[in-house]
Amino acid sequence: MEKQLIARLKASFDDIAHKTEDGIEFWFARDLQTVLGYAKWQNFENAVHKAMVSCESAGNEVSHHFTDVGKTIEMPKTAEKIITEYMLTRYACYLIAQNGDPKKEEIAFAQSYFALQTRKQELLEDRLSLIARMDAREKLKESEKRLSQNIYERGVDGDGFGRIRSKGDKALFGGYDTEDMKARLGAGKGRPLADYLPAVTIAAKNLATEMTNYNVEQKDLHGEPPITSEHIQNNTSVREMLGQRGIKPESLPPAEDIKKLERRVRSDEKKLAKQSGKLLTGE
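Per chain, residues are indexed from 1 in the order of the written sequence. A pLDDT threshold of at least 70 governs which residues receive local features in this predicted model, and a stricter bar of 80 or more applies before side-chain atom pairs are shown or counted, although totals over entire chains, interfaces and linings include all residues. Excluded from the side-chain calculations are hydrogens and water; all other atoms, namely the structure's heavy atoms, are used.

Caption draft 1: Geometry of the environment of lysine 189. By secondary structure assignment, the location of lysine 189 is in the loop between α8 (178–185) and α9 (199–218). Sequence spacing of lysine 189 and phenylalanine 109 is 80 residues, and the spatial spacing of their C-alpha atoms is 35 Å. Each helix is a run of H or I in the DSSP string that is no shorter than four residues. Each strand is a run of E no shorter than two, and both are numbered from the N terminus.

Caption draft 2: Here's a closer look at the packing of aromatic side chains. Note on aromatic pairs: the rings of Phe, Tyr and Trp (six-membered ring only in Trp) are paired at centre separations within 6.5 Å, and the planes decide the class, stacked below 30 degrees, edge-to-face beyond 60, tilted for the rest. Under the counting rule described, the total for this entry stands at 11 aromatic pairs. Considering the side-chain rings of tryptophan 27 and phenylalanine 114, the 5.0 Å spacing of their centres and the 90° angle between planes classify their relative orientation as edge-to-face. Note that tryptophan 27 is positioned in strand β2 (residues 25–28) and phenylalanine 114 in helix α5 (residues 105–115), a separation of 87 residues in sequence. Here tryptophan 27 matches phenylalanine 114 in class, with each residue buried. Aromatic pair phenylalanine 109 and tyrosine 113: ring centres 5.6 Å apart, planes at 35°, arrangement tilted. Note that phenylalanine 109 and tyrosine 113 are positioned in helix α5 at a spacing of four residues, about one turn of the helix. In terms of burial, phenylalanine 109 and tyrosine 113 fall into one category: buried. Grouping aromatic residues by their ring pairs yields a cluster made of Phe13, Trp27, Phe109, Tyr113 and Phe114. When the NZ atom of lysine or the CZ atom of arginine is within 6 Å of a ring's centre and also within 35 degrees of its normal, the charge is said to sit over that ring. Sitting over the ring of tyrosine 113, arginine 90 keeps its end group 5.5 Å from the ring centre. Across the ring face of tyrosine 38, the terminal group of lysine 104 is positioned such that the distance to the ring centre comes to 4.8 Å. Three labels apply to residues, based on accessible area from a 1.4 Å probe with only protein chains included: buried if under 20% of the type maximum, exposed if over 50%, partly exposed otherwise in between.

Caption draft 3: Main features of the packing of helix α6 (residues 121–152) against helix α7 (residues 158–172). It is at 10 Å that the axes of α6 and α7 come closest, and there the two elements cross at 125°. For the element pair α6 / α7, the angle class is oblique. The way α6 lies across α7 gives a crossing that is right-handed. Between α6, through Glu144, Leu147, Ser148 and Ile151, and α7, the contact on the second element is made entirely by Phe161, Ile164 and Arg165. Between the N-to-C directions of two axes lies an angle of 0 to 180 degrees, each axis being a line fitted to C-alpha atoms and, for a helix, fitted only over the stretch in contact. In what follows, roughly perpendicular refers to angles from 65 to 115 degrees, roughly parallel to angles under 35, roughly antiparallel to angles over 145, and oblique to any angle outside these ranges. Crossing handedness is defined as follows: a turn of the near helix away from the far one that is anticlockwise and smaller than a right angle gives a left-handed crossing, while the clockwise case is right-handed. For this analysis, residues touch if any pair of their heavy atoms sits within 4.5 Å.

Caption draft 4: The arrangement of helix α3 (residues 41–57) in detail. Between its terminal C-alpha atoms α3 stretches 24 Å, which fits the 24 Å expected from 17 residues at 1.5 Å a residue. Three or more residues of α3 are buried, namely Trp41, Phe44, Glu45, Ala47, Val48, Ala51, Met52 and Cys55. Take α3 and look down its axis: the buried residues cluster within an arc of 155°, on one side only. Away from its buried face by more than 90 degrees, α3 exposes Gln42, Val53 and Ser57. Where α3 is buried, its residues touch α2 (29–35), β3 (66–68), β6 (86–89) and α4 (90–98). A positive backbone phi angle near 85° is found at glycine 59, which sits one or two residues after α3. A helix is expected to reach a length of 1.5 Å times the quantity of its residues less one. For this quantity, the arc is that covered by the directions from the helix axis to the C-beta atoms.

Everything listed here is a matter of geometry and, on its own, says nothing about what the molecule does.
Structure follows, in structure tokens:
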């Protein structure tokens, strides 16, 4: 996510923040609906209700984080109408964002914005980069799982899958196979290489794997040799593409162990409910 976009989204969320007399930060649901890109209140309220369920399931008091305050709006001919409105703590907003579509930039940003107890842009940028790497890792896991299933159905066992993947890595990393790259990056014993790769390399491996999946299915390849050849060619093509942009994947420094990042993210989220404070019912 570009810095300019992050700055613009940050300003939008900052502008609609409020504080109670006790200093508890909160947001109104209908303001949040707009900045999260929901056109219809009904759809947004569904996300609010799902977030309430998540809040209760986590053992937190829903009324401490979601307070129905109602809102009066003017109607034609001087009439008035009371509509549903909620005050939401930072934790409530985070849960709502978690129930949204992360493909939407506003939702993806909100998940990090509300997870952090700071509004410093550089920390938001760091977290968004971290989340992007975690998402890329999950996509690679799924594409490799699909490849494993694909080639198993075509006569290749688990050991064969390991050999195919390692030879693909050797093509991608300029002659270094999987074990070579693990040693270069200091990967823990028995840990996947991808857990120590930067996001751009994870994405490159995923692209090559998806290309192999596609061609294995389209060409109906069977047996280890033709599938290995296909995977090598795809990794070679991806390496050439990276090279055109001045990127040598084998020369990039190792990224922080992704398992440590995941633990840090979970720890931040567990603290969030307590750090958000409590809204008093009826306030």
